[in-house]
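Summary of the model geometry
If you want the building blocks of each chain, they are given just below.
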Amino acid sequence: MGVGVVVVYHHVTMRLIPLLTAAQETHGHLSEPVLRDLARAANVPLHRLQQLVSFYPHFRTAPPPRVELAVCRDVACHLAGIPKLQELHGGDVAVQEVSCVGRCDRAPAGLLNGTPVHLGGVDAVKRWVTGEAPAFALPPPQRWALDPYPDERYGAVRTLRDDPAGADRVIAELKASGLRGMGGAGFPTGTKWELVRQEQRTPKYVICNADESEPGTFKDAKLLADAPHLVIEGMLIAGQVVGAAKGILFLRHEYLPEKARFDAALADAPLGGFEIEVFVSPGGYILGEETALLECLEDRRGEPRNKPPFPGTHGLFNQPTLINNVETFANVPGIVANGADWWRALGTDGCPGPKLIAVSGHVEKPGVYQVPLGTTVRQLIELAGGVSGGRKLLAFAPGGASSNWLPADRADVRLDFNELAKAGSMLGSGALVIVAEGADMLEVAANVTRFFRNESCGKCVPCRVGSEKAVEMLESRKSLDVLPELGEVMALTSICGLGQVAVAPALSILKHWPELREG
Amino acid sequence: MKSVTLTLDGRSLSVPAGTTIWEAAKAVGPDIPALCHSPKLRPVGVCRMCVVDVGGRVLVASCVRLCEEGMKVETSSPKVERQRRMLTALLLADHPSPCDKERTTRDCELEALGRKYDLIHNNPLQAHGRQSVGLSDLSSPVIAVDHSACILCDRCVRACDEVQCNEVIGRTGKGYPTRIGFDLDSPMGQSTCVSCGECVAACPTGALTNKPITLPLVPRSETTNVESVCPYCGVGCAITYHVNAAANTIVWAEGRDGGGNDGRLCVKGRYGWDYATHEQRLTKPLIRRPEFYPKGPLSREVRGEGGKNKRVDYAEVMPAFREATWDEALDLIASKFLAIKKQHGPRALAGFGSAKCSNEEAYLFQKMMRAALGTNNVDHCTRLCHASSVAALLEGIGSGSVTDVYPDAQHADLILLTGSNPTVNHPVAATFFKQAIKKGTKLIVVDPRRPTMADFADWYCQIRPGTDVAFYNAVLHVLVAEDMVNHCYVRDRTENFDALRELVAKYPPERVAPVCGIPADTIREVARAVGTSRNMMIFWGMGISQHTHGTDNARCLIALCLATGNVGRPGTGLHPLRGQNNVQGASDAGLIPMVYPDYQPVEDETVRKKFEVAWGVPLDPKKGLTVVEIMGAALTGEVKGMLMLGENPFLSDPNINKVRKALSALEFLAVQDIFLTETAEFADVVLPASSFFEKLGTYTNTDRRVQIGRPTIAPPGEARLDWQVICELSTRLGYPMRYESPAQVFDELTSLSPSYTGLNYANLSGGGKIWPYFPGTAAVPAALAGRAGDLPRQSSAPTVGARAAGTAAVPGYIGELVLFADRFPTPSGRATFVPCEFAEAADLPDAEYPLVLNTGRVLEHWHTGTMTRRASALDALRPGPFVEVHPADLAKHGFADGQEVTVRSRRGAIRLPAKASDGVQPGSVFIPFHFREAAANVLTNDALDPFGKIPEFKFCAVRLEE
């Protein structure tokens, strides 16, 4: 059997992940009898359900406790100081650590029965546990500079629908704008759209990746809450250009408040026959990897595919598929409506366009800031009110947990794809994490590496075993001399970006603070 | 085909587009290590050991990366080797070295890499190793699981999911704690695992290993490895047996490439061979002591007085016999047979050969019965199996064999599977069906009892028992009514279609729906699927044949294929899945009362003359009696003396209470077998035979594939090779038989059997050959056409076979897979439609006996259990009998699941535990017939199909009692 042979379970007609989600909503949890019934109803082997239920954190096989407190353990919350809440665990209260919940602007953060909360202190949390649950409300929407519409929306897609040459014009504008993917990899958007447009096979799909889950990253949440119409219009334009009739918003399940805003906008959108499905992720950072996301949509474990082939030619159900980040789609209507030049002017010299950056960690006003691309880190820190508590800057990660750390003396680096690459880091997921003096960088290294270990899907050996061994080394502070070699094998042989970068941030810390190697 | 040119380690080469780097490298030399990849499995690229440098930012896994034009590949640069070493170090750090595989067969692939990279005592990650404990799962009787040795290569997952398609194993958990899990992460022994062992065969480490069955497992270099085949079903899997010659014991078995099975096995083939060295093997000839006359059954179970022994209790039965010398025993048999022949004529003698024996043994047995004793009363269990199918096939298309082979299911776009439970009875053939279905072939399953294959079906029709003819007539009705008949095929290749059309006109779906319990619309859908498919294959089993209207059932299936033009092309055709490993061969060799070898009719004078010349004696011009008829004749005294070679009619024949009387009534019975069977309790003389594993011979599987079975161990004690016993006995009967070897017997068989032309021991090694075999452009033997079996036939048509000419040019040619591309071996060269009306079964339920009994088999056991209940693993997996009852019927009777109940028919009663199952429909029960302590055939009806003379094992009325 050669590569590319698709094993078709064509007797499977039900979508399993939605089926499991619905069953869990009905029964509270997925007990063995429930799973057996589902397997029978869907006519799938039991192990297919087990593979999913055991992989996705959203699924539970035991009844939920009355109160479930999920405490974020990742870098922004770690820097903010995570309160010791384990004492509350017991009886009908469950306290458990979870990966980043995307609320780094209110760190230390958590979820109380699914509702985002700021974990100010043990006493406050104790009160919630005994009854008074806090409410969560998104702030009122604000208008962002990338929004071309002072009032009437969806102008770009409306004109496009009447324009036979519209698709080519869009691709030309996108190319001229220099828009690059905002999810982390920075692939030129116009080129990607053109590739999918050129594919002859149909149906094609448009997928908006709204699964941002990297510690420190929460900019897409802001866009979904404040400008969902731009995301929707971006997807509609994409459908028009590449020739797709179906779009999917793949949304992380912690973003249910944002989902309400998106759903409302969707109800008002001039879809014109294009279908947009909102698929709520069953959880896991790895699903942000585009092929893991596709696997999830195809009811399998979110394990990244070997590439090539790439989704542009062989994506969802092996069909041509355009996948872009929320911010990428949100930038498209402005470019189409006002032209590439208008958009480029929102950037700085040599760095076209605007950029949303989530700032977290040791700053006075963590949050999402739209800045011209090419703004320096120092400027952005000032925008965010400066390093918190008047402390001095020690280190920063300019592109989320997977980007290499840079020391304070590099704070004049410009936030730009190329400039950061030159500096030995990356723009990544648009998340600037700030560390003030006094922090234990080796602990930061261990924290970040633990995140990747925790979120490794386990598919390939270097990432599955390597990330675990790296954490053991960093926690025990032993065999750190082997870490570069381990980093190399992970970088060179892991299937996807997660494994490839998992140890890099820790290595960057050991590089910039060599004295830490001594333990 | 497009090709691409690339540079591999500095060497330029061109490969077909679509070739992976790993495959390209393998073809030209550099050995790229891989743990997760194996050529038979879909590559997944998870272990990353096979990474190579193609000049990119990262290395690529060569097993999944396709060669590209102009690509420059480094397969073993220092950079690449450094990563491989580190990957090995990562896995070895957590590996329990030596693992179970390394400690036994010494072939753990990870530890081999560890040695290659000098990591066993020198692992930079040793300090961070995690030697997990408590991760072993020993719940399966045959497979040991050690999760700590698992490297998550997913080979077992793919072997289970995509090769065997049993769909039990998956990954469970996420990230570092991920493990393989069975079902919902159950212990393996409590999961739906069917113990095929494909996962063990695929596993590169000690995570999944075979538990020892006889002796501890040892390195392959320390065993003698014998290339043979499986002794069980008609799939005829090629096997390598690993033998400890000094201990005269098989240690383990492994699937072998080259046969139809592509290296796959099922639980019986892989784990069911230690019966050969069971303590109850007969080692000396036995003669019944005078005080045990008049003859009768010896054990409680056979007397029908209860008793729960799963095997004949030798303490209970052996006192009836004394040991004897071979000379004494053989002389006694010869003298008794000759006396009966002299006094009552040759037709007072009869012999049952066995489909478990080789072609050579079958040939010699029927030759002895016919030439030495002068009777055609020779038959075997084909009578109980596909006799009706063969009758219908001979009548309809002029040949009783399959028209296409089971692996060709991959070329069908529709499979109709009916009256067959292949995951249980032909498990390895079923894997090919399931694979085809996963790649898009549609499946229709028609069966009153839900088989596992229904899970894979697009349409599953649970018809009321015994209503097959009505159902298929309705399907044919729709084909005609909606004009989905292949008119060209019908016009050019068939005759009598008008009669069929006229008959099926009376079977509109609306009329048939209440009869068979299938909605009319479903019947139409099924008919449309059949009518619109390009290539359809029909596979069927005993559910079709074992009825008093079994021949009619098969006629309907033939009509379905003919009406839609589905015989004669790859991926089409009629395939009655043969039961026994050599039921095709034993029939080919003439172990049938109406025909000599190769279905040449005994009542055809020309044919008889030919055999009289060949065998040098006058032969009986009248056809003989069939199995059930012989039993009847024994009861009436027409048959007085019998020889049984490897058959156990006491458990295998219908209406055991009648069989008991018949066997008791025989004046003289000689049994040649490896154990003292239930039937042998009635014997005057018992001869210790050799088991499959002790002898050389050829076996013909369901695909007409002739393969060699080779001796793996020596017979115990004074047990003798069966072909030699037959020669000895024949000689004493006054008809000397002297052969040097089974090969010489085979040559004689082939010289008299046109179908076997061209086959000989020299060319049957490896994967064997499929008959007819036309290497080169040799003319098709004229005598191949127009043969007849049970039915009168003329002989004249000149050709058979699809690609007779020019096949020599085909590399790897092993014989004709597809038959009848141009014409059928009938006098007219055409196939015949034989329309038939629906008729009810013989023993219908009524108020007194309200339920319908269906009988059959289970995966772990074989027929009367003589072998499998003495195979320790199979016995452990399935220790006893049960009756499947629908939960609604259990509730109606107030019985609990697992409660022991009495099942009674008009002929007898048995007691056994009830098992709730919604696989049987309400009003039906199912009992497997392997279990002597609750023999299903006590209940079954010995009414016969008028054409095939097959009894109605699949239908009789019963009731449940407390």
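Treat the numbers as computed from the prediction; the structure is a model and nothing was measured. (Residues numbered from 1 in each chain as written. Chains lettered and ligands numbered in written order. Predicted model: local features only at pLDDT ≥ 70, side-chain atom pairs only at ≥ 80, totals over all residues.)

**Some thoughts on the overall build of chain B**
Counting its secondary structure elements, chain B contains 30 helices and 40 strands. Relative to the compact-globule value of 30 Å for 962 residues, chain B shows a C-alpha radius of gyration of 29 Å, a close match. A principal-axis box enclosing the C-alpha atoms of chain B has dimensions of 90 × 70 × 65 Å. Scored against the burial criterion, the 962 residues of chain B give a buried share of 63%. Across chain B, the fraction of contacts at a sequence separation of at least 24, relative to all contacts at a separation of at least 6, is 73%. (Helix = DSSP H or I, 4+ residues; strand = E, 2+ residues; numbered from the N terminus. Rg over C-alpha atoms; globule rule 2.2 N^0.38 Å. Buried ≥ 20, exposed ≤ 12 C-beta atoms within 10 Å, placed from the backbone. Contact = placed C-beta atoms within 7 Å.)

**Some points on the overall build of chain A**
Within chain A one finds 21 helices and 13 strands. Here the C-alpha atoms of chain A give a radius of gyration of 23 Å, agreeing with the 24 Å that 2.2 N^0.38 yields for 519 residues. In terms of principal-axis extent, the alpha carbons of chain A reach across some 65 × 60 × 55 Å.

**A closer look at the confidence of the model for chain B**
Residue and element names in this part refer to chain B. Predicted confidence across chain B gives a mean pLDDT of 94, with 96% of residues reaching 70 or more. Every residue in residues 777-809 scores below 50 in pLDDT, and together they form 86 contacts with partners more than four places removed in sequence or on other chains. Interface confidence for the predicted complex, given as ipTM, is 0.95, next to a pTM of 0.94. (pLDDT = per-residue confidence, 0-100.)

**Observations regarding the interface of chain B and chain A**
In this complex, chain B contributes 49 residues to the contact, which on the side of chain A involves 49 residues. Elements with a minimum of two residues in the side of chain B that touches chain A: helix H2 (78-93) and strand E8 (169-172) of chain B. Among the residues forming the side of chain B that touches chain A, the class breakdown is 23 nonpolar, 13 polar and 13 charged. (Nonpolar A, V, L, I, M, F, W, Y, C, P; charged D, E, K, R; others polar.)

**Digging into the nonpolar core**
Ranked by internal contacts, the top residues of the largest apolar core, which has 478 residues, are Val 231 and Ile 434 of chain A together with Ile 415, Val 475, Leu 557 and Leu 560 of chain B. The leading source of residues in this core is helix H15 (residues 468-481) of chain B, at ten residues. Sequence-distant contacts of Ile 434 of chain A, defined by excluding residues within four places in its chain, comprise Val 359, Gly 361, His 362, Val 363, Ile 381, Val 387, Leu 393 and Phe 396 of chain A. (Core = buried A, V, L, I, M, F, W, Y, C linked by C-beta atoms within 7 Å.)

**Structural notes on the pairing of strand E9 (residues 354-361) of chain A**
Residue and element names in this part refer to chain A. Of all the eight residues making up E9, eight are buried; the element is thus mostly covered by neighbouring parts of the structure. Burial along E9 is two-sided: the residues Pro 354, Leu 356, Ala 358 and Ser 360 and Lys 355, Ile 357, Val 359 and Gly 361 are all buried. By the bridge criterion, six bridges tie E9 to strand E10 (residues 367-372) in an arrangement that is antiparallel. Note on E10: the bridge partner recorded for Ala 358 is Val 368. Following E9, the chain reverses through five residues before pairing antiparallel with E10. (Pairing = 2+ DSSP bridges.)

**Overview of the environment of Cys 460 of chain A**
Residue and element names in this part refer to chain A. Among the structural elements, Cys 460 can be located in the loop between helix H17 (441-455) and helix H18 (461-476). Judged by C-beta crowding, with 29 C-beta atoms within 10 Å, Cys 460 ranks as buried. Here the alpha-carbon distance between Cys 460 and Gly 499, two residues 39 residues apart in the chain, equals 8.6 Å.

**A look at the pairing of strand E12 (residues 238-244) of chain B**
Residue and element names in this part refer to chain B. Counting buried positions over the seven residues of E12 gives five, a clear majority of the element. As paired strands, E12 and strand E13 (residues 249-255) are joined by six bridges and run antiparallel to one another. For Val 243, the partnering residue across the bridge sits in E13 and is Ile 250. Linking E12 back to E13 in an antiparallel pair, the connection comprises four residues, with Asn 248 at a positive phi of about 55°.

**As for the sheet that holds strand E35 (residues 900-905) of chain B**
Residues and elements named next belong to chain B. Here six strands make up a closed barrel; going around it, the order is E33-E37-E34-E36-E35-E40 and the pairing mixed. Averaged over all neighbouring strand pairs, the angle between strand axes comes to 45°, with direction disregarded. Where E35 lies against strand E40 (residues 956-961), four bridges are found, and the strand directions are antiparallel. Counted as the bridge partner of Ser 905 is Val 958 from E40. (Axes fitted to C-alpha atoms, helices over the stretch in contact; angles between N-to-C directions.)

**Observations concerning the environment of Phe 218 of chain A**
Residues and elements named next belong to chain A. Locating Phe 218 in the fold gives a position in the loop between strand E5 (205-210) and helix H9 (219-226). The class of Phe 218 is buried, set by 31 C-beta atoms lying within 10 Å. For the pair formed by Phe 218 and Cys 104, sequence separation is 114 residues and the distance between their alpha carbons is 7.1 Å. The residues touching Phe 218, leaving out its near neighbours within four places in the chain, are Gly 102, Arg 103, Cys 104, Asp 105, Glu 212, Ala 358 and Val 368.

**Considerations on the packing of helix H19 (residues 483-493) of chain A against H2 of chain B**
Remark: H19 of chain A packs on H2 of chain B, axes separated minimally by 10 Å, with the N-to-C direction vectors making an angle of 105°. Between H19 of chain A and H2 of chain B, the crossing angle belongs to the class labelled roughly perpendicular. Contacts from Glu 485, Leu 486, Val 489, Leu 492 and Thr 493 of chain A in H19 of chain A reach Gln 83, Met 86 and Leu 87 of chain B in H2 of chain B. Residues that form the contact of H19 of chain A with H2 of chain B fall into these classes: five nonpolar, two polar and one charged. (Parallel < 35°, antiparallel > 145°, perpendicular 65-115°, else oblique.)

**Focus: the sheet that holds strand E31 (residues 769-770) of chain B**
Within a sheet, neighbouring strands are paired by backbone hydrogen bonds and run either parallel or antiparallel to one another. All names here are of chain B. Taken in spatial order, the three strands of this open sheet run E29-E30-E31, and their pairing is antiparallel. The sheet is open, and its two edges are formed by strand E29 (697-700) and E31, each paired on a single side. Pairing analysis gives four bridges linking E29 to strand E30 (residues 705-709), with the strands arranged antiparallel. Bridged to Thr 698 within E30 is Ile 708.

**Thoughts on unusual backbone geometry**
Residue and element names in this part refer to chain B. Pro 294 follows Tyr 293 through a cis peptide bond whose omega is -5°. Along the polypeptide, Pro 294 turns up in the loop between strand E14 (286-288) and helix H8 (300-303). The linkage connecting Trp 771 with the following residue, Pro 772, adopts the cis geometry, with an omega of -5°. Position of Pro 772 relative to the elements: it lies in the loop between E31 and strand E32 (831-832). We note that Arg 106 has phi near 55°; this positive angle belongs to a residue other than glycine. Of note, Arg 106 is situated in the loop between helix H3 (100-103) and helix H4 (109-116). Since 16 C-beta atoms lie within 10 Å of it, Arg 106 is described here as partly exposed. The residue Asn 496 is not glycine, and still its phi comes out positive at about 75°. Tracing the backbone through its elements, the reader meets Asn 496 in the loop between strand E21 (494-495) and helix H17 (497-504). Among the residues examined, Asn 496 registers 17 C-beta atoms within 10 Å and is labelled partly exposed.

**Side note on helix H18 (residues 509-516) of chain B**
Residue and element names in this part refer to chain B. Of the positions making up H18, those classed as buried are Pro 509, Val 512 and Cys 516. Burial along H18 is one-sided: seen end-on, the buried residues are contained in an arc of 65°. The outward face of H18, more than 90 degrees from its buried face, is lined by the exposed residues Glu 510 and Pro 514. Residues of H18 that are buried in the fold lie against H15 and helix H19 (520-532). (Arc of directions from axis to C-beta.)

**Description of the confidence of the model for chain A**
Predicted confidence across chain A gives a mean pLDDT of 94, with 97% of residues reaching 70 or more. Confidence over residues 1-12 of chain A falls short of pLDDT 50; this stretch has 21 contacts with residues more than four positions distant or in other chains.

**Considerations on the packing of helix H2 (residues 32-42) of chain A against helix H3 (residues 46-53) of chain A**
All names here are of chain A. With their axes 9 Å apart at the nearest point, H2 and H3 run at an angle of 125° to one another. Here H3 runs oblique to H2, going by the angle between their axes. For the crossing formed where H2 meets H3, the hand is right-handed. Contact residues: Leu 35, Arg 36, Leu 38 and Ala 39 in H2; Leu 46, Leu 49 and Val 53 in H3. (Left-handed = near helix turned anticlockwise from the far one by under 90°.)

**Comments concerning the environment of Ala 513 of chain B**
Residue and element names in this part refer to chain B. Tracing the backbone through its elements, the reader meets Ala 513 in helix H18. Given 18 C-beta atoms within 10 Å, Ala 513 falls into the partly exposed group. In contact with Ala 513, not counting residues within four places along its chain, are Ile 518, Pro 519, Ala 520 and Ile 523.

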